[in-house]
Amino acid sequence: MMKLPALLALASALVLSSIAGAASAQDIELGKLKISAAHARPTVPMQPAGGAYVTIENRGDNPDTLISASSPVAASTQIHTMRMEDNVMRMREVGKLELPPHARVTMKPGDGYHLMLVGLRQPLKSGERFPLTLIFENAGRTEVMVSVDEAPGR
């Protein structure tokens, strides 16, 4: 049978882990913007860059713009787009991401927008999380926690 201090420690750990799990699954509301599904793929040692992905929904009647992003895991964070042109995958920095009223942008690997983490300070490891700051022209600044996972198709 467990002693009271051990039982209290176990109960505390369970409560804290459930709170942490709920926090990582929560969506961020910033004005009329909803930010969700923040994730990144793991990287290998010495890999200089990685990608982060979020879904941003503008629920308002006015446009907004993602003007920059940053994270302590990288020297810089750039807003990029990818697309297939003449059977070649092309990636380029776009500088900003326009969010029309009532629009939803889902960033995903290999298609459309992503956040390029340039100059990674260490590899992104599966199961870890890191902060990502997003700055919008109208809604302002928010921080999301990015989960590093290997889920295909996200």
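Because the structure is predicted, anything quoted here is derived from the model rather than measured. (Residues numbered from 1 in each chain as written. Predicted model: local features only at pLDDT ≥ 70, side-chain atom pairs only at ≥ 80, totals over all residues. Heavy atoms only, no water.)

Caption draft 1: The arrangement of the pattern of salt bridges in detail. Scanning the entire structure with this criterion turns up five salt bridges. With a closest N to O distance of 3.9 Å, Asp111 and Lys108 form a salt bridge. For Asp111, a relative accessible area of 44% puts it in the partly exposed group. Connected through salt bridges with shared partners, the residues Glu29, Glu57 and Arg59 form a single ionic network. (Salt bridge = Lys/Arg side-chain N within 4 Å of Asp/Glu carboxyl O. Buried < 20%, exposed > 50% of the residue type's maximum accessible area, 1.4 Å probe, protein only.)

Caption draft 2: Main features of the nonpolar core. Core analysis: the biggest nonpolar cluster contains 29 residues, and Leu66, Leu115, Leu132 and Phe136 have the highest contact counts within it. For this core, the secondary-structure elements that each account for two or more residues are β2 (33–40), β3 (49–58), β4 (64–70), β5 (74–85), β7 (97–99), β9 (112–120), β10 (129–136) and β11 (140–148). Excluding its chain neighbours within four sequence positions, the residues that come into contact with Leu132 are Ala52, Val54, Ala69, Ser70, Ser71, Thr77, Leu115, Thr142, Glu143, Val144 and Val146. (Core = buried A, V, L, I, M, F, W, Y, C linked by side-chain atoms within 4.5 Å. Helix = DSSP H or I, 4+ residues; strand = E, 2+ residues; numbered from the N terminus. Contact = heavy atoms within 4.5 Å.)

Caption draft 3: Seen up close, the environment of Thr142. Mapping Thr142 onto the fold places it in strand β11. In this structure, the C-alpha to C-alpha distance between Thr142 and Leu30, residues 112 residues apart in sequence, is 7.2 Å. Excluding anything up to four places from it in sequence, Thr142 contacts Ile28, Leu30, Ile35, Leu132, Thr133, Leu134 and Phe136.

Caption draft 4: View of the confidence of the model for the protein. Across the protein, the average pLDDT comes to 85, with 81% of residues at or above 70. Segment residues 2–25: pLDDT under 50, and four contacts once partners within four positions in sequence are set aside and those in other chains are kept. (pLDDT = per-residue confidence, 0-100.)

Caption draft 5: Up close: unusual backbone geometry. You will see that Met46, though not glycine, has its phi angle at about 75°, which is positive. Mapping Met46 onto the fold places it in the loop between β2 and β3. Residues other than glycine seldom take positive phi values, yet His102 does so here, at roughly 60°. By the secondary structure assignment, His102 is in the loop between β7 and β8 (104–106). Overall, the relative accessible area of 55% leaves His102 in the exposed class.

Caption draft 6: Seen up close, the environment of Leu99. Along the chain, the position of Leu99 falls in strand β7. Residue Leu99 is classed as buried on the basis of its relative accessible area of 1%. For Leu99 and Asp64, which are 35 residues apart along the polypeptide, the C-alpha to C-alpha distance reads 5.1 Å. In this structure Leu99 touches Leu33, Ile56, Asn58, Pro63, Asp64, Thr65, Leu66, Val105 and Phe136, once residues within four positions along its chain are discounted.

Caption draft 7: Representation of the pairing of β4. Examined bridge by bridge, β4 and β7 share three bridges and lie antiparallel to one another. When the sheet's bridge partners are listed, Thr65 is paired in β7 with Glu98. (Pairing = 2+ DSSP bridges.)

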